[in-house]
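# Descriptive structure summary
Letter by letter, the chains look like this.
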Amino acid sequence: MIGVDLGSTKLLAGAVDADGTVHHRTNRPARGLSQLELVEMVVHAVESVRRSVGGEVSAVGFGIPCTFDARTGLAVQAVNLPLHDIRFADVMAERLEVPVVVDNDANCAVLAEARAGAGAGCSEVAMLTIGTGIGGGMVIRGEVYRGFAGGGAELGHMVVDMDGRPCQGSCPNRGCLESVASGTALVREVSLAVARQPDTEIGRAMEGGRELTGPMVTEMARAGDPVARGAIEVIGRALGVGLANISNIFCPQVIVIGGGVSAAGELLLEPAREVMRRRALAPGRDDVRIEAAAFGAEAGMIGAAMLAREWPDDVPSAGGTAAAGAS
Ligand SMILES: [Zn+2]
């Protein structure tokens, strides 16, 4: 199986064994492309993985950061990617001439973590993938939960501040968790903090022309920069409010935190847990575990391949969280 995780800044693809082992990874930048260019880039990336495994691929699974309508098979709305109203599964199946399964990227990530990662052995697992935005996925009674039309579970767009700042991308809401706890919010937080306290490592790096990005902030924080650490703590505390909501509503055994920002590890998770323990109701507040993704940044790619493997043969083509045949 080939798994593909199409994020808002980059694509990750790889050939994935049944046990989640990845071979022949490739990655491509995805920022700033039109829908047409994006489709071409994805096709080329998959072809390159297929060539490196000698052409033998039984199906391709895709995780993409958008909502689907399972009734029409349309990828309806991507907050941070130029995809709208496209039959992505059909387009890819036609171009690649193999069966294709497509799902929301965080749904793929939670599947990987629930089957073989931080939620292995658990029937109820929630996941937040924190990058440019915040993706959400839920496994309930062992199955990915997608809601009636395929639009669930967008946990990153739960509102944590009713009159808060406008959410990003194409989300019309205000005060979403994504607007205060994503990588984008982290970068914003650091710019404000550097203006107040320019004389630390991160301030000097920016002064020297280094671009301020989420990975750069987590790297500086791990090296001990106080401004970077402070900003990650602010994001972690905001994240904790979202975790309390998830705990209260779903009470899963574990909430897995993945995506690029989760590279901050305990610097992010500790303040998040502390806020969640103070705000959530029992028994969730005491018993819901908050864990970093075991598959790290590859959870979405691995889950996409697992989804392709698990997809039942008798489900016909198209349909949002969809399988599309090659012919
Ligand atoms: Zn939103």
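Notes on the structure in this doc start here.

Conventions and cut-offs
Residues numbered from 1 in each chain as written. Predicted model: local features only at pLDDT ≥ 70, side-chain atom pairs only at ≥ 80, totals over all residues. Heavy atoms only, no water. Helix = DSSP H or I, 4+ residues; strand = E, 2+ residues; numbered from the N terminus. Rg over C-alpha atoms; globule rule 2.2 N^0.38 Å. Contact = heavy atoms within 4.5 Å. Areas by Shrake-Rupley, 256 points an atom, 1.4 Å probe, with all protein chains shown as cover. Lys, Arg positive; Asp, Glu negative; His and termini not counted. Charge placed at Lys NZ, Arg CZ, Asp CG, Glu CD. Axes fitted to C-alpha atoms, helices over the stretch in contact; angles between N-to-C directions. Parallel < 35°, antiparallel > 145°, perpendicular 65-115°, else oblique. Nonpolar A, V, L, I, M, F, W, Y, C, P; charged D, E, K, R; others polar. 1 Å grid on protein atoms, 1.4 Å probe; cavity = no way out; pocket = protein on both sides within 12 Å on 5 of 7 lines; lining within 4 Å. Points joined across faces, edges and corners; volume = space filled by probe spheres on them. Salt bridge = Lys/Arg side-chain N within 4 Å of Asp/Glu carboxyl O. Buried < 20%, exposed > 50% of the residue type's maximum accessible area, 1.4 Å probe, protein only. Donors = N, O, S within 2.8 Å, 3.2 Å for Na, K, Ca; no water. Tetrahedral: all angles 85-135°; square planar, octahedral: opposite > 155°, others 65-115°. Phe/Tyr/Trp six-rings, centres within 6.5 Å; stacked < 30°, edge-to-face > 60°. Pairing = 2+ DSSP bridges. Disulfide = S-S within 2.5 Å.

This next bit is on the overall build of the protein chain. In terms of helices and strands, the protein chain carries 11 helices and 14 strands. Expected size for 327 residues packed as a compact globule is a radius of gyration near 20 Å; at 19 Å, the protein chain falls within 12% of this value. Contacts in the protein chain between residues far apart in sequence, at least 24 positions, make up 63% of those at least 6 positions apart. Of the accessible surface of the protein chain, which amounts to about 13,900 Å², a share of 51% is contributed by carbon and sulfur atoms. Each charge class in the protein chain can be summarised by its mean position, and for the 28 positive and 39 negative side chains these summaries are 4 Å apart.

With that settled, consider the packing of helix 3 (residues 105-116) against helix 11 (residues 299-310). Relative to each other, helix 3 and helix 11 sit at 80°, their axes nearing to 7 Å. Between helix 3 and helix 11, the angle falls in the class roughly perpendicular. Each of D105, C108, A109, L111, A112, E113, R115 and A116 in helix 3 lies in contact with helix 11, whose residues at this interface are A299, G300, I302, G303, A304, M306, L307 and E310. Among the residues forming the contact of helix 3 with helix 11, the class breakdown is 10 nonpolar, 2 polar and 4 charged.

Below, the discussion takes up the layout of surface pockets. Of the volumes computed, that of the largest pocket is approximately 1,100 Å³. Along the wall of the largest pocket there are 47 residues; nearest its centre are S8, T9, G131, T132 and G133. The set of elements that each furnish at least two residues to the lining of the largest pocket consists of strand 2 (10-16), helix 3, strand 9 (125-130), strand 10 (134-140), helix 5 (183-196), helix 7 (214-222) and helix 11. Split into classes, the residues belonging to the lining of the largest pocket amount to 17 nonpolar, 23 polar and 7 charged.

Counting across every chain of the model gives 13 salt bridges. One salt bridge in this structure joins R95 and E40, with 2.8 Å as the shortest N-O distance. You can see R95 sitting in helix 2 (residues 88-96) and its partner E40 sitting in helix 1 (residues 35-52), a full 55 residues away along the chain. For R95, a relative accessible area of 36% gives the class partly exposed.

Donor atoms from the polypeptide that coordinate the zinc ion comprise H157 (ND1), C167 (SG), C171 (SG) and C176 (SG), at 2.1 to 2.4 Å from the metal. The site at the zinc ion holds 4 donor atoms, and with the angles between them running 103 to 120°, its shape is tetrahedral. Going along the chain, you hit the donors of the zinc ion in the pattern H-x9-C-x3-C-x4-C. With a gap of 14 residues between them, H157 in the loop between strand 11 (143-144) and helix 4 (177-181) and C171 in the loop between strand 11 and helix 4 connect regions that are remote in the sequence. Given a relative accessible area of 16%, H157 falls into the buried group.

Right, let's get into the environment of Q35. Relative to the assigned elements, Q35 resides in helix 1. Ignoring sequence-local partners within four residues, the contact set of Q35 consists of P82, L83, H84 and I86.

Our focus in this paragraph is the packing of aromatic side chains. When we look at a pair of aromatic rings, we describe it by the centre distance and by the angle of the planes. Across all of its chains, the model carries 1 aromatic pair by this definition. Centre to centre, the rings of F62 and F88 are 5.3 Å apart; their planes meet at 85°, and the pair counts as edge-to-face. With F62 in strand 4 (residues 60-64) and F88 in helix 2, the pair connects residues that are 26 residues apart, well separated along the chain. Of the two residues, F62 and F88, neither departs from the other in class, the shared state being buried.

Turning our eyes to something else, we now look at the sheet that holds strand 12 (residues 254-258). Taking strand neighbours across the sheet as the criterion, the 5 strands line up as 11-10-9-12-13 in an open arrangement whose pairing is mixed. With one partner strand each, in any of the chains shown, strand 11 and strand 13 (289-292) form the two edges of the open sheet. Where strand 12 meets strand 13, 4 bridges bridge the pair, whose relative direction is parallel. Among the inter-strand pairings, V256 is bridged to a residue of strand 13, identified as E291.

Below, the discussion takes up the state of the cysteines. Applying the stated criterion to the full structure yields 0 disulfides. Left unpaired, C122 is separated from the closest cysteine sulfur, that of C251, by 12 Å. By relative accessible area, C122 is classed as buried at 13%.

The next point concerns the pairing of strand 2. Judged by how many residues are buried, strand 2 sits mostly within the fold: 6 of 7 residues are covered. With 5 bridges joining them, strand 1 (residues 2-6) and strand 2 adopt antiparallel strand pairing. Paired with D5 across the strands is L12, a residue of strand 2. Between strand 1 and strand 2, which pair antiparallel one after the other, the connecting turn spans 3 residues. In this structure, strand 2 lies alongside strand 3 (residues 22-29), joined through 6 bridges in antiparallel fashion.

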